[in-house]
Amino acid sequence: MYAHQAFRFGSRAYGLQFHIEPDADTWAAWRDHLPSGMFDEAETKRMQIEESGREVISRFFDLALNTAENAGR
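Description of the structure in this document.

### Considerations on the layout of surface pockets
By volume, the second largest pocket amounts to about 270 Å³. Ala-6, Phe-7, Arg-8, Tyr-14, Leu-16, Ile-20, Val-56, Ile-57, Arg-59, Phe-60 and Leu-63 are the residues that line the second largest pocket. Only β1 (6-9), β2 (13-16) and α2 (43-71) provide two or more residues apiece to the lining of the second largest pocket.

Right, dumping it as structure tokens:
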């Protein structure tokens, strides 16, 4: 959709032009508001997107918590 949908500035500032958290319920709620092509993908693809989003969120919090712990030392 856009050339740059995610970026990082330095090691602590991230920008995302998309949602990384959608699960099956979120996709269902968005269905009527998104282009029909978004739902032509197989269930496997949706599950891959969900898994990737969970991994990104997990890595973000691991980094944030590690940084906070190290700042207190």
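### Some remarks on the packing of aromatic side chains
Enumeration according to the criterion identifies 2 aromatic pairs in this entry. Plain terms: the ring middles of Tyr-14 and Phe-60 are 6.4 Å apart, the flat faces sit at 90 degrees to each other, and that makes the pair edge-to-face. Residue Tyr-14 is found in strand β2, and its partner Phe-60 is found in helix α2; the two are separated by 46 residues along the sequence. Owing to a relative accessible area of 43%, Tyr-14 belongs among the partly exposed residues under this scheme. Among the residues examined, Phe-60 registers a relative accessible area of 41% and is labelled partly exposed. On the basis of an interplanar angle of 80 degrees and a centroid distance of 5.3 Å, the ring pair of Phe-60 and Phe-61 is categorised as edge-to-face.

### With respect to the pattern of salt bridges
On inspection of all chains with the given rule, the structure shows 2 salt bridges. Notably, a salt bridge pairs Arg-54 with Glu-50, separated by 2.9 Å at the nearest N-O pair. Of this pair, Arg-54 and Glu-50 both sit in helix α2, 4 residues apart, which is roughly one turn of that helix. With relative accessibility at 52%, the residue Arg-54 sits in the exposed group. The salt bridge involving Glu-55 is made with Arg-59; its shortest N-O contact spans 2.7 Å. Placement of the pair is Glu-55 and Arg-59 together in helix α2, with a separation of 4 residues, close to one helical turn. You can call Glu-55 partly exposed: its relative accessible area is 39%.

Parameters at a glance
- Residues numbered from 1 in each chain as written.
- Predicted model: local features only at pLDDT ≥ 70, side-chain atom pairs only at ≥ 80, totals over all residues.
- Heavy atoms only, no water.
- 1 Å grid on protein atoms, 1.4 Å probe; cavity = no way out; pocket = protein on both sides within 12 Å on 5 of 7 lines; lining within 4 Å.
- Points joined across faces, edges and corners; volume = space filled by probe spheres on them.
- Helix = DSSP H or I, 4+ residues; strand = E, 2+ residues; numbered from the N terminus.
- Phe/Tyr/Trp six-rings, centres within 6.5 Å; stacked < 30°, edge-to-face > 60°.
- Buried < 20%, exposed > 50% of the residue type's maximum accessible area, 1.4 Å probe, protein only.
- Salt bridge = Lys/Arg side-chain N within 4 Å of Asp/Glu carboxyl O.

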